[in-house]
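For reference, the chains in residue letters:
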Amino acid sequence: MSARRILRAGPVSYTILVVTALISVFPLYWTAVIASHTNNEMARTPPPFWPTGNIFHNLRLAMDQAPLTKALVNSLIVAGCIALGTTLFCTLSGFAFAKLSFRGRRGLLAFTIATMMVPTQLGIIPLFMLVAKLHWVNHLQAVILPTVVSAFGVFFMRQFLSQAVPTELLEAGWVDGASTFRIFRSIVLPIARPAMAVLGMLTFLMAWNDFFWPIVALTTQNPTVQVALAGLGTGYVPQQAVIMAGTLIGTVPVLIVFALLGRHIVGGIMQGAIKG
Amino acid sequence: MTITTTPATAPSSAPPAISPPRRRRRTALGSRAAYAYIAPFFVLFAAFSLYPFIYTAWVSMHEVDLSTPNKMTWVGWSNYTKLLHNEFFWNALKNTFTIGIISTVPQLCLALGLAHLLNYKLRGKTFYRVAMLMPYATSIAASTLIFAQLFGRDYGLINWVLSELGFHRVDWVNGHWPSQIAISLIVTWRWTGYNALIYLAGMQAISTDLYEAAVIDGASRWQQFRYVTIPGLRPTILFTIVVSTIGATQLFGEPLLFAGDGTTSGGASHQFQTLGLLMYQQGWTNFHLGQAAATAWTMFLIIVVLVLINTALARGRRSS
């Protein structure tokens, strides 16, 4: 690699990047500021720029006015199930597409990749009719099952496994008389673990943030965090601080996870992009 | 980047010095069991994604009431003729288009520039990447509620800054263009960092030989960007344009929550009602699921046409 190629960033580049990082994070900080002040305090000129201890009072008010505890638990269940299901099912299919030969393999893989471009969100009307027929409206399985697999996940795992798992190793297992499932469990799964972790995190994040279908399939009686937030934002709440406190409660859990594991999520998104 | 640490099989372009005669012995692992591995994915995908998506076309030929979703009455094409004679459809189409343009174009240009900077040798590069992805981790609901505060007419921070700078306060919700710009800014805020990372991944995949050759030929930094980076990124750029187009056509959560009162009309004079929001209004405010299905299928056709145009433009530019 030539030294000329890797250009060092100058002060201008750093300034732009720092400003961008600030713009990216500032609205979240401002949420904490609003959540600490009454409407009257926010109306002052200049407005207050720091969060205060009042935020805890407003966080409690938000918990009282919106079913946020239930929403957090529901979101944890929904996003957890979807992340687990996606990771498991997509690793199974990804393994088959990467390492097994079977009739229709190429065609089915091409089909799977093509469906990544299909806006399945546009199918919510029949999906709603189906869920209504099953009497699942307002039940969590209505939001778990439709999103428990993803074409992206299959593609992601296939790309990883076809590179990371040496075919010779599988063949050795095969010659020794191990069943395909045995091979999957004791050879493929351990190798697949880092990619599964990344896919799980990405899926959890997307499931936690999913909006359109949950708002159709659930009500504020049994909401996910996003449904509860929508209810809070569109209902009559006189103090803005309470709305923002609720927003913080619904957002901070993912942001904490993100701050801790963001490096890997960044890696996962970039990894998925190169192949895509 | 983090997950390629496991030893990969040697790429075909770089065979080892002494390579044993090796045939592709995939057949050894061929098995009927393979279908059992792909079955869970395809069964769930068919039941909950593919079937509803296709069945939308059938529903759009029926009258279906939200309160009795299993009673369907055949009405033929009338949902479509009604839609084409509905002024709110044309309004929503126009809004979706304008919001789509003013959110996607600046967003992708910014992302390209940021990716270029992120590709420099940087101190603390992980910090910038994670910070830029924070908005992506923030949900549509949360970010729209936050921005609705920032764009508040009387006490919003943005209007305070504008008035300090000597401008008039802007009515970000009720104005036609202000509301569309505000919604576009929410979309831009959420997605720029994500797209920058996609571009960065594409840039890192461009061979350094090309840059070295360009440097030898005396190309300036800008010329390198223009004649090496951009052509190398073309497939990635097309990919992000297609994904953004699909996303912009379905825009829903931001205009729903930006109104702030739970109405589905997209503002008092429908100034920011998008196709996604119109579909939701038809189905879940007005109870006409059949009409909503016709709108959904129309949106799909629009997406197909737009994607084909994008692809054709990309092809045309490459051949010229």
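Residues numbered from 1 in each chain as written. Chains lettered and ligands numbered in written order. Predicted model: local features only at pLDDT ≥ 70, side-chain atom pairs only at ≥ 80, totals over all residues.

With that out of the way, let us pick up the overall build of chain A. Assigned secondary structure in chain A consists of 13 helices and zero strands. The order of α-helices and β-strands along chain A, N terminus first, is α-α-α-α-α-α-α-α-α-α-α-α-α. Over its C-alpha atoms, taken along the principal directions, chain A stretches across nearly 75 × 65 × 30 Å. Counting across all 276 residues of chain A, residues that qualify as buried make up 48%. (Helix = DSSP H or I, 4+ residues; strand = E, 2+ residues; numbered from the N terminus. Buried ≥ 20, exposed ≤ 12 C-beta atoms within 10 Å, placed from the backbone.)

Moving on: the overall build of chain B. Check the secondary structure of chain B and you find twelve helices and two strands. When the helices and strands of chain B are read in sequence order from the N terminus, they spell out α-β-β-α-α-α-α-α-α-α-α-α-α-α. Expressed as a percentage of its 320 residues, the buried residues of chain B come to 43%. At a minimum sequence separation of 6, the contacts of chain B that also span at least 24 residues come to 68%. (Contact = placed C-beta atoms within 7 Å.)

With that settled, the discussion passes to the interface of chain A and chain B. Taken together, the 97 residues of chain A in the interface contact 91 residues of chain B. Of all the elements, helix α13 (residues 240-275) of chain A adds the most residues to the side of chain A that touches chain B, at 20 residues. Each residue belonging to the side of chain A that touches chain B can be placed in one class, and the counts come to 65 nonpolar, 25 polar and seven charged. (Nonpolar A, V, L, I, M, F, W, Y, C, P; charged D, E, K, R; others polar.)

In this section: the nonpolar core. Core analysis: the largest hydrophobic core is formed by 165 residues, its most contacted members being A245 of chain A together with L133 and L197 of chain B. Considering every element that reaches this core, the biggest residue donor is helix α7 (residues 176-204) of chain B, with 14 residues. With residues near it in sequence (within four places) discarded, A245 of chain A still touches A35, I55, N58, L59, L61 and A62 of chain A. (Core = buried A, V, L, I, M, F, W, Y, C linked by C-beta atoms within 7 Å.)

Before going further, it helps to examine helix α11 (residues 275-285) of chain B. All names here are of chain B. Across the eleven residues of α11, nine count as buried, placing the element largely inside the fold. Every buried residue belonging to α11 is among L275, G276, L277, L278, M279, Y280, Q281, Q282 and G283, and all of these are buried. Of the residues trailing α11, F287 is marked for its positive phi of about 70°.

All names here are of chain B. Note that strand β1 (residues 62-65) and strand β2 (residues 68-74) share four bridges and pair antiparallel. Bridging across to β2, H62 finds its partner in W74. Linking β1 to β2, which pair antiparallel, is a turn of two residues. (Pairing = 2+ DSSP bridges.)

Now for the confidence of the model for chain B. Residue and element names in this part refer to chain B. Residue-level pLDDT values for chain B average 88, and 89% of them are 70 or greater. Every residue in residues 1-28 is under pLDDT 50, and counting partners more than four places away or in other chains gives 24 contacts. Here the predicted complex scores 0.90 on pTM and 0.91 on ipTM. (pLDDT = per-residue confidence, 0-100.)

Before going further, it helps to examine the environment of Y55 of chain B. Residues and elements named next belong to chain B. Relative to the helices and strands, Y55 is located in helix α1 (residues 34-59). Given 17 C-beta atoms within 10 Å, Y55 falls into the partly exposed group. Along the primary structure Y55 and T240 are separated by 185 residues, whereas in three dimensions their C-alpha atoms are 28 Å apart.

With that settled, the discussion passes to the packing of helix α3 (residues 87-118) of chain B against α7 of chain B. As a packed pair, α3 of chain B and α7 of chain B sit with axes 6 Å apart at the nearest point and diverge in direction by 35°. For the pair α3 of chain B and α7 of chain B, the sense of crossing is right-handed. (Axes fitted to C-alpha atoms, helices over the stretch in contact; angles between N-to-C directions. Left-handed = near helix turned anticlockwise from the far one by under 90°.)

This part covers the environment of E171 of chain A. All names here are of chain A. Among the secondary structure elements, E171 is positioned in helix α9 (residues 167-175). Take E171: there are 16 C-beta atoms within 10 Å of it, and that puts it in the partly exposed class. Separated by 136 residues in sequence, E171 and A35 place their C-alpha atoms 60 Å apart.

Caution is warranted with low-pLDDT regions, since their predicted coordinates should not be read in detail. Of all residues in chain A, 96% attain a pLDDT of 70 or more, and the chain-wide mean is 90. Element-level pLDDT for chain A is lowest in α13 of chain A, with a mean of 86, against a maximum mean of 96 in helix α7 (residues 141-144) of chain A.

Time to look at unusual backbone geometry. Negative phi is the rule for most residues except glycine; trans is the rule for most peptide bonds. The amide bond that connects T45 of chain A to the next residue, P46 of chain A, takes the cis arrangement and shows omega of -10°. Within the secondary structure layout, P46 of chain A lies in the loop between α2 (39-42) and α3 (54-65). We note that H135 of chain A has phi near 60°; this positive angle belongs to a residue other than glycine. By the element assignment, H135 of chain A lies in the loop between α6 (124-133) and α7. Its identity as a non-glycine residue notwithstanding, H270 of chain B has a phi of 55°, on the positive side. Structurally, the position occupied by H270 of chain B is in the loop between α10 (253-258) and α11. Of the residues examined, H270 of chain B has 17 C-beta atoms within 10 Å and is grouped as partly exposed.

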